[in-house]
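Residue-level structural notes
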Amino acid sequence: MNLKREINSTRRGYLYALIATICGSLVYLFSKAALNEISLPAFGFWWFMLALFWNTLFALHPKGGFSVRLFTRHDYHNLLLIGIFELAATVSFYIAIKITDNPSVPSFLRNLEYLFVTLLGILLLSERFNIKTGAGAILILAGAFVVSFRGTDSLGFMNATALMMLISTSLYAVRTILVKKHIGEMAPVVLAINRAIFLFLFSLLFIFITGDSIQIPVKAFLNILAGSFVGPFLTSIFQYSSLKYIPASRTAIIQSTTGLFVLAGALLMFGSLPTPVQVTGGLITITGVGVMMGKRTKSHD
């Protein structure tokens, strides 16, 4: 009975990770469509206000899992720390989406996060370094370089999109380690609401600083409405939920394929594709994640 329950829990974790991956790919598409029309502060104001709305509705449901009654001061400190890293990482992420020509490029570069998660695990959690880890790391870095490379006459790897994604993924990696450490103490919806609050307040602050108008075109609002539902709401909920049932390494392998979904979506929505070189680099990063996480996945079976 325990074995059957464990198998069902594992399947549920994989399903949650797959749903999070598909929803996450839509974030790149809807956010890019909206950011093509409006400023980043106005985008953040509406995107995270709606994210807060969706998550609050979910929290009000009897099975939503929202509760802070038993939270200690230590828990609030953890929420503050996680929120700060979420804020810095997410702002960098959407800057990359804003300035990129094709959203599939930052989606492939997002795989750098799994490299940083692994390195932090080795440095902070005393996880073992082996040949597969090293080979996977080399593949991810090589793939990221290929995705970002724009010729010998440009800055190569350190173009603006790559730089923003490098900052974003390193900070997201810290967030992932913190969330995994405390996921048993905080419901996924609490973490999702915490993230939405931090980002909405930050966007509101920048609205006042920049003087940007919160009036946006209807088309942009519809893209934000859809994106905020599948992104800060569904993606966050299912991503955090998957970590309750399967190791972060398994979730990483599934979510590393996000770029492939974005690739197809970008063709349908924008009629554009990244260059063959960028696609090749993206596939190399996915292979790197699989190689790096493969040994860990087997060890948990």
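Residues numbered from 1 in each chain as written. Predicted model: local features only at pLDDT ≥ 70, side-chain atom pairs only at ≥ 80, totals over all residues. Heavy atoms only, no water.

What the rule picks out here adds up to 4 salt bridges. A salt bridge links Arg-175 to Glu-86; the shortest N-O distance between them is 3.1 Å. One end of the pair, Arg-175, is in helix α7 (residues 160–182); the other, Glu-86, is in helix α3 (residues 73–99), with 89 residues separating them in the sequence. Residue classification places Arg-175 among the buried residues on the basis of a relative accessible area of 4%. Through salt bridges that share partners, Glu-86, Arg-110, Glu-113, Arg-175 and Arg-195 make up one connected network. (Salt bridge = Lys/Arg side-chain N within 4 Å of Asp/Glu carboxyl O. Helix = DSSP H or I, 4+ residues; strand = E, 2+ residues; numbered from the N terminus. Buried < 20%, exposed > 50% of the residue type's maximum accessible area, 1.4 Å probe, protein only.)

One pass over the full model with this rule turns up 15 aromatic pairs. An angle of 35° between the planes, with centres 4.8 Å apart, marks the rings of Phe-43 and Trp-47 as tilted. In this pair, Phe-43 and Trp-47 both sit in helix α2 (residues 40–60), 4 residues apart, roughly one turn of the helix. For Phe-43, a relative accessible area of 1% puts it in the buried group. Pairing Phe-93 with Tyr-172 gives two aromatic rings, centres 6.5 Å apart and planes at 70°, and the pair type is edge-to-face. Here Phe-93, found in helix α3, pairs with Tyr-172, found in helix α7; they are 79 residues apart in sequence, far enough to count as distant. On the basis of relative accessibility, which here comes to 2%, the residue Tyr-172 falls in the buried class. Directly above the aromatic system of Phe-93 lies the positively charged group of Arg-110, at a separation of 5.5 Å from the ring centroid. Over the ring of Tyr-172 we find Arg-110, and its NZ or CZ is 4.0 Å from the ring centre. (Phe/Tyr/Trp six-rings, centres within 6.5 Å; stacked < 30°, edge-to-face > 60°. Lys NZ or Arg CZ within 6 Å of the ring centre and 35° of its normal.)

If you look at the biggest cluster of nonpolar residues, it comprises 78 residues, and the most contacted ones within it are Phe-43, Phe-93, Tyr-94 and Ile-224. Among the elements that take part in this core, α2 stands out by supplying 10 residues, more than any other. (Core = buried A, V, L, I, M, F, W, Y, C linked by side-chain atoms within 4.5 Å.)

Structurally, Val-174 can be placed in helix α7. Along the primary structure Val-174 and Glu-113 are separated by 61 residues, whereas in three dimensions their C-alpha atoms are 9.1 Å apart.

Let's shift gears to the packing of α3 against α7. Their axes nearest at 8 Å, the elements α3 and α7 cross at an angle of 155°. Our classification of the angle between α3 and α7 gives roughly antiparallel. The hand of the α3/α7 crossing is left-handed. When its residues are assigned to classes, the contact of α3 with α7 shows 18 nonpolar, 7 polar and 2 charged. (Axes fitted to C-alpha atoms, helices over the stretch in contact; angles between N-to-C directions. Parallel < 35°, antiparallel > 145°, perpendicular 65-115°, else oblique. Left-handed = near helix turned anticlockwise from the far one by under 90°. Nonpolar A, V, L, I, M, F, W, Y, C, P; charged D, E, K, R; others polar.)

On to the confidence of the model for the protein, then. Across the protein, the average pLDDT comes to 82, with 86% of residues at or above 70. Of all helices and strands in the protein, the one with the weakest mean pLDDT is helix α12 (residues 276–299) (75), whereas α3 scores best (92). Under a pLDDT of 50 for its full length, residues 152–157 has, in the predicted model, 8 contacts with residues more than four places off or in other chains. Low pLDDT (under 50) marks residues 297–301, which in the prediction has 8 contacts with non-local residues, meaning those over four places away or in another chain. (pLDDT = per-residue confidence, 0-100. Contact = heavy atoms within 4.5 Å.)

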